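Fold and contact review
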Amino acid sequence: MARKLKTYQTSLGFFDLAIAAPSMKAALEAWGADSNLFHQGAAKECDDPDVVAATMAKPGVVLRRPVGTDRPFSEHAELPPDLGGGGPKKAARKSKGPKTKKLSSRPVDKAAERKAALAYERERSRRELERAKEEAARQKERERRQQALDKAQAALDKAEQEHAKRAAVIRAELEALEKRSQTEQARWDKEKERLEAALRRARG
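Notes on the structure in this doc start here. (Residues numbered from 1 in each chain as written. Predicted model: local features only at pLDDT ≥ 70, side-chain atom pairs only at ≥ 80, totals over all residues. Heavy atoms only, no water.)

**Structural notes on the pattern of salt bridges**
- For the structure on display, the rule yields twelve salt bridges.
- The shortest N-O distance in the salt bridge between K58 and E75 comes to 2.8 Å. Of the two residues, K58 is situated in the loop between helix 2 (49–57) and strand 4 (63–66) and E75 in the loop between strand 4 and helix 3 (86–94); the sequence distance between them amounts to 17 residues.
- A relative accessible area of 38% means that K58 is categorised as partly exposed.
- On the basis of relative accessible area, E75 is assigned to the partly exposed category, the value being 32%. (Salt bridge = Lys/Arg side-chain N within 4 Å of Asp/Glu carboxyl O. Helix = DSSP H or I, 4+ residues; strand = E, 2+ residues; numbered from the N terminus. Buried < 20%, exposed > 50% of the residue type's maximum accessible area, 1.4 Å probe, protein only.)

Printed below as a string of structure tokens:
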């Protein structure tokens with residue numbers, strides 16, 4: 001059974017964020033938060049009628065507006081018009097607190113709640129599917145890079161083995177030449193000594 005949705009709001013970077021979600025945990029996941037913003041006081045449940053209406057119209061979708069402004073929330077918000085001066089003052093004015101009593105007289109529309117909850121589940125499933133596709137693409141890219149790395153490493157290993165074989169053949173040839181040179185030198189020493197002795201005898 002789909003869970004009842006609530007509207008949660010926080011500020012990250014240059015934007016205020018809002019979402020209709022079944023729990024604080026679900027909101028944090030949708031925002032991509034690495035820590036519990038609710039425990040830190042950086043996020044809260046929101047019952048501003050305009051914000052609630054915007055999020056319930058697109059449950060599970062992270063809506064944005066320039067931080068510190070009273071602009072309507074939307075999927076694609078522009079950056080704050082004045083990042084240097086007006087932002088902090090507007091943020092301070094906004095921090096007086098949400099309008100907490102405006103929803104109390106609104107009748108509970110069970111059908112609308114169920115519809116919003118089902119829409120949230122569809123959006124959550126779509127988001128999870130997108131994440132799975134992104135992870136599959138990243139995994140495919142990692143595998144491609146690993147295959148290229150393995151291929152390059154195999155080529156290097158093969159070249160090193162071939163070099164080692166050729167170097168061994170050359171060393172063997174050098175050793176054989178050195179041995180032949182030594183043998184020839186020894187033969188020549190003996191031959192020279194014999195011929196010099198014969199020459200001395202001939203000279204008398």
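**Quick word on the sheet that holds strand 1 (residues 6–12)**
- Spatially, 3-1-2-4 is the arrangement adopted by the four strands of the open sheet, whose pairing is antiparallel. This sheet does not close on itself; its edge strands, each paired only once, are strand 3 (43–45) and strand 4. In this sheet, neighbouring strand axes are inclined to one another by 20° on average, regardless of whether the strands run parallel or antiparallel.
- Here strand 2 (residues 15–21) runs beside strand 4; their pairing, made up of four bridges, is antiparallel. (Pairing = 2+ DSSP bridges. Axes fitted to C-alpha atoms, helices over the stretch in contact; angles between N-to-C directions.)

**Quick look at the pairing of strand 2**
- Among the seven residues of strand 2, seven are classified as buried, and the element is accordingly described as predominantly covered.
- Inspection of the sheet shows strand 1 paired to strand 2 by seven bridges, in the antiparallel sense. Bridging from a neighbouring strand, Q9 pairs with A18 of strand 2.
- Here strand 1 folds back onto strand 2, and the loop between the two strands holds two residues, one of which, G13, carries a positive phi near 65°.

**Comments concerning the environment of A117**
- Take A117: it is sitting in helix 4 (residues 110–203).
- On the accessibility criterion, A117 (2% relative accessible area) is buried.
- Sequence spacing of A117 and A20 is 97 residues, and the spatial spacing of their C-alpha atoms is 8.8 Å.

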